[in-house]
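Topology and contacts: notes
Now for the letters of each chain:
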Amino acid sequence: TLVGGTTNPPAAVAVVNAASYNSGAMAADSIVSLFGTNLATATQVGSTVPLPTSLAGTTVTVRDSLGTTRTASLFFVSPNQINCVIPAGTALGTANLTVTSGDGKLSAATIQISSVAPGLFTADGSGNGFASGYVLRVRANGSQVVEQIVRWDSTQGKMVGVPIDLSVTTDQVYFVAFGTGFRWRSSLTAVGATIGGTTAQVLFAGEQGGFIGVDQINLLLPNSLAGRGEVNLTLTVDGQAANTVKLQFR
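Analysis parameters
- Residues numbered from 1 in each chain as written.
- Predicted model: local features only at pLDDT ≥ 70, side-chain atom pairs only at ≥ 80, totals over all residues.
- Heavy atoms only, no water.
- Helix = DSSP H or I, 4+ residues; strand = E, 2+ residues; numbered from the N terminus.
- Buried < 20%, exposed > 50% of the residue type's maximum accessible area, 1.4 Å probe, protein only.
- Contact = heavy atoms within 4.5 Å.
- Areas by Shrake-Rupley, 256 points an atom, 1.4 Å probe, with all protein chains shown as cover.
- Lys, Arg positive; Asp, Glu negative; His and termini not counted.
- Charge placed at Lys NZ, Arg CZ, Asp CG, Glu CD.
- Pairing = 2+ DSSP bridges.
- Polar contact = N/O pair within 3.5 Å; in protein donor to acceptor, adjacent residues only side chain to side chain.
- Salt bridge = Lys/Arg side-chain N within 4 Å of Asp/Glu carboxyl O.

With respect to the overall build of the protein
When helices and strands are counted, the protein shows zero helices and 25 strands. Overall, the protein is about 75 × 45 × 30 Å in size when its C-alpha atoms are taken along their principal axes. Relative to its 250 residues, the protein shows a buried fraction of 43%. When contacts within the protein are restricted to residue pairs at least 6 apart in sequence, long-range pairs at least 24 apart make up 61% of them. Surface summary for the protein: the accessible area is close to 11500 Å², and the carbon and sulfur share equals 52%. Here the protein contributes 12 positively and 12 negatively charged side chains, and the mean placements of these two sets differ by 2 Å.

This is the structure we're talking about:
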């Protein structure tokens, strides 16, 4: 638009990892959140598969370091926030992200695209609470049980941890966590995890498969964590650290 004979520059938009809220580098195929103003003329949620590339008339494009422009898939748009996926195939290096709202307003950001940009989702959506995931318990007889690791506490008005029981030493107990930005890790051996300072064996780290942009990590929980209470889970992928999340043990 022209005001006083000059062209208004696009408004700034903040781009963060949707799991960790880290504003550092982003990865292709990862979920990001955009924050700004006038990003959309209405609030709308993507309800189709594949996800739409336009919601309420809003589109997000990413022009990568090789000059290729791709349109992002959209989970959600609103005047102040958009959740979307960095397009598959976006080249490494500096990229330009542009939001065009249904009424033509522009917002833009310069972002760095890295091979990995790991983030772990939390049950409360804060980026630093209890991890989003579940426990899979395999008993000595081969039977399997899925156990929740968080619950809603109405008295406290928040999500709280459900302690993981490691007292039965003949059980194999696995933790399955959800995140984004690490499916393109160089190798499984380049993924490391510690829980309460104790190394946990990483059995899988890659695309979750059921939800667009979501990645999954499977860990074998060491019995030595029994009785530790609330502890931190740290994850590194190709030397890049994810946000720290919480687990609870009894």
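What to know about the pairing of strand S21 (residues 198-207)
Summarising the sheet, strand S20 (residues 191-195) and S21 pair through three bridges and their orientation is antiparallel. Each bridged residue has a counterpart across the sheet, and for Ala193 the counterpart in S21 is Ala200. Between S20 and the antiparallel strand that follows it, S21, lie two residues; Gly196 among them carries a positive phi value of about 60°. The pairing of S21 with strand S22 (residues 215-220) spans six bridges and is classified as antiparallel. Residue pairing for S22: Gln201 is matched across the bridge by Leu220.

Concerning the side chain of Thr90
The residue Thr90 is located in the loop between strand S11 (81-85) and strand S12 (93-100) in this model. The buried category is assigned to Thr90, whose relative accessible area is 6%. A polar side-chain atom of Thr90 sits 2.7 Å from the main-chain carbonyl oxygen of Pro87. Residue contacts for Thr90: discarding those within four places in its chain leaves Ala28, Val62, Asp64, Arg70 and Ile113.

Notes on the sheet that holds strand S6 (residues 31-35)
Across the sheet, which stays open at both edges, the five strands sit in the order S4-S6-S11-S10-S7 with antiparallel pairing between neighbours. Strand pairing shows two members of the sheet lacking a second neighbour, strand S4 (14-17) and strand S7 (44-45), which therefore form its edges. The pairing of S4 with S6 spans four bridges and is antiparallel. What sits directly across from Val15, in S6, is Leu34.

A few points about the side chain of Arg137
Position of Arg137 among the secondary structure elements: in strand S15 (residues 133-138). Arg137 gets classed as buried once you look at its relative accessible area, which sits at 3%. Polar contacts involving the side chain of Arg137 include one to the side chain of Glu147, which spans 2.7 Å. Sequence-distant contacts of Arg137, defined by excluding residues within four places in its chain, comprise Ser143, Gln144, Val145, Glu147, Asp165, Asp171, Gln172 and Val173.

Remarks on the pattern of salt bridges
Where charged atoms from two side chains of opposite charge approach closely, those side chains can pair. Applying the stated criterion across every chain yields a total of 10 salt bridges. The partner of Lys105 in a salt bridge is Asp103, with the nearest N and O atoms 3.1 Å apart. Looking at Lys105, the relative accessible area reads 39%, which means it is partly exposed. One continuous salt-bridge network, built from bridges that share partners, spans Arg137, Arg139, Glu147 and Asp171.

As for unusual backbone geometry
The omega torsion across Val49 and Pro50 is 0°, close enough to zero to call that bond cis. Inspection of the secondary structure puts Pro50 in the loop between S7 and strand S8 (59-63). The phi angle at Asp29 is positive, at roughly 70°, despite the residue not being glycine. By the secondary structure assignment, Asp29 is in the loop between strand S5 (26-27) and S6. Classification of Asp29 by relative accessible area gives buried; the value is 14%. If you check the backbone angles, Asp238 has positive phi at about 50° while not being a glycine. Relative to the helices and strands, Asp238 resides in the loop between strand S23 (229-237) and strand S24 (240-241). Since its relative accessible area comes to 27%, Asp238 is described here as partly exposed.

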